[in-house]
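Descriptive structure summary
One letter stands for each residue in the lines below.
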Amino acid sequence: MFEQVIGQQQAQQRLMQLADEQRLPHALMLCGPQGSGKLALAVAFAMELLHSKTVEHPDLHFTYPTIKLPSMGSEHKPVSVDFAREWHELIKNGLYFSMDDWMQAMGGENQQAIITAGESDELVHKLSLKSSQGGYKVSIIWLPERMNIECANKLLKLIEEPPQQTVFLMVCQEPDKLLETIRSRVQRIDVKKIDDESIKQALMERRGLSEETAQRVARRANGNWLKALEEIETGSEKEQFLDMFKMLMRLAYTRKINDLKRWSENMAGMGREKQKRFLEYFMQLVRENFMYNFRQEELCYMTQDEEEFATKFARFINEANVIPISELANRALRDIGQNANAKIVFFDFALQMIMLLIQK
């Protein structure tokens, strides 16, 4: 199963060393940023301990945040088994996903997902049973920082007096939100961002990207596999945004007021969320063009198309205007977020770009 983990050789080696040297603690906590592969590592290690090639193993137990559906009774405390089908469907498609992905799978995007006290009772029951094959029982707890206080206190007792041959693998993104008493009773392993080379290789092997494209995406992903996938999936929208960016800059430079008015009307025709994404993209590209002037590749995170445009355009983003342009975009982003008239916001934005582009 470790072949499904992207990079993270150091963490893999440490985990296997603990097992091989029979120094495996009863509770481990894998901590790291989103997209680093903490869950993939935990599942792969569990498979090694259980000598299994499938996650459908009777001695592997998953715990994860859940929501309360309208169909549930008023007294019912949601537990992981309520969403077992959705969970296994999600992990079958890959072990790299976000909390947003899980919320969507459960059908509760607007709710707050937690791990309830009912979950700890379920765990006590499951782990009290004998191992089906005489070996380890493994409990993977995804995002334990989402436990409510009652659940956390019950889990603490379980960790203090663990059932025989039970290993807890906690997959944590915000360890500071966990009870200090729990943190002090687990062995922590920090999972770092994935190195660029591993992301590049994975993009080439799993997604069929060319080496140059994979390298650019890997650098922009900044160690986050989920962000790398997002870069690929949102490519068509970003191409549209780049075209809108180019058009704005060219029209502002040539001072074509009527065409700028039409540009602002096109922008106003987009939904507000898309308008906000454009403005965020705009600020990112302004920053990249400013850094491009320093001619240091490691400072730039552009696609090939963005860089081709930057070869001629970047000189117009300089020390005199980079901050005012960024502030202008920030104001527009704030105004759009406050439901201001989009036509007025973007036309004013476009007109001010005329003056800002000529600053030396």
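Above this text sits the structure in question.
Residues numbered from 1 in each chain as written. Predicted model: local features only at pLDDT ≥ 70, side-chain atom pairs only at ≥ 80, totals over all residues. Heavy atoms only, no water.

**Here's the deal with the overall build of the chain**
Heads up, the rule is: Helix and strand labels come from DSSP, where a helix needs a run of H or I of at least four residues and a strand needs a run of E of at least two; each type is numbered from the N terminus. Note on exposure labels: buried denotes an accessible area under 20% of the residue type's maximum, exposed denotes more than 50%, and partly exposed covers the range between, all computed with a 1.4 Å probe on protein chains only. We call two residues in contact whenever any of their non-hydrogen atoms come within 4.5 Å of each other. Per-residue and other accessible areas were derived by the Shrake-Rupley procedure at a 1.4 Å probe size, with only the shown protein chains allowed to occlude residues. Positive residues here are Lys and Arg, negative ones are Asp and Glu, while His and the chain termini are left out of the count. Every charge is mapped onto a representative atom, which is NZ of Lys, CZ of Arg, CG of Asp or CD of Glu.
Helix and strand counts for the chain come out as 16 helices and 5 strands. Based on the C-alpha atoms only, the size of the chain along its principal axes is roughly 75 × 45 × 35 Å. Counting the 360 residues in the chain, one finds 49% classified as buried. Counted over contacts in the chain with a minimum sequence separation of 6, partners at least 24 positions apart contribute 73%. When the accessible surface of the chain is split by element, carbon and sulfur atoms take 47% of a total near 18500 Å². Positive and negative charge centroids in the chain, built from 46 and 51 side chains respectively, lie 5 Å apart.

**Points about a negative patch on the surface**
Defined as follows: A patch consists of residues whose relative accessible area exceeds 30% and which take part in no salt bridge; residues with like charges are grouped when within 9 Å of each other, and nonpolar side chains (Val, Leu, Ile, Met, Phe, Trp, Tyr) when within 5 Å. Salt bridges are defined as contacts in which a side-chain nitrogen from Lys or Arg sits within 4 Å of a carboxyl oxygen from Asp or Glu.
The grouping of Glu239, Asp243, Asp305 and Glu308 at the surface amounts to a negative patch. Following the sequence through the fold, Glu239 ends up in helix 11 (residues 235-254).

**Here's the deal with the packing of helix 8 (residues 196-207) against helix 10 (residues 225-233)**
Rules: For helices, the axis comes from a line fit to the C-alpha atoms of the stretch in contact; other axes are also lines fit to C-alpha atoms, and the angle between any two N-to-C directions lies between 0 and 180 degrees. Oblique is the label for any angle not under 35 degrees, not over 145, and not in the 65 to 115 range, which are roughly parallel, roughly antiparallel and roughly perpendicular in turn. Each crossing gets its hand from how the near helix is turned against the far one by less than a right angle, where anticlockwise is left-handed and clockwise is right-handed.
One way to put it is that helix 8 packs onto helix 10 with a least axis distance of 11 Å and a crossing angle of 50 degrees. With respect to helix 10, the element helix 8 is oriented oblique. Pair helix 8 / helix 10 crosses with right-handed handedness. Contacts from Ile199, Ala202, Leu203 and Arg207 in helix 8 reach Trp225, Ala228, Leu229 and Ile232 in helix 10.

**As for the pattern of salt bridges**
Side-chain pairs of opposite charge can arise whenever the charged atoms involved come near each other. Under the counting rule described, the total for this entry stands at 20 salt bridges. Note that Glu150 and Lys154 form a salt bridge whose closest N and O atoms lie 3.9 Å from each other. Separated by 4 residues within a single helix, Glu150 and Lys154 lie in helix 6 (residues 149-160), roughly one turn from each other. The class for Glu150 is partly exposed, based on a relative accessible area of 38%. For Arg220, the salt bridge goes to Glu306, with nearest N and O atoms at 3.0 Å. Note that Arg220 is positioned in helix 9 (residues 211-221) and Glu306 in helix 14 (residues 304-313), a separation of 86 residues in sequence. In terms of burial, Arg220 and Glu306 fall into one category: buried. It is possible to trace a salt-bridge network through shared partners that takes in Asp121, Glu150 and Lys154.

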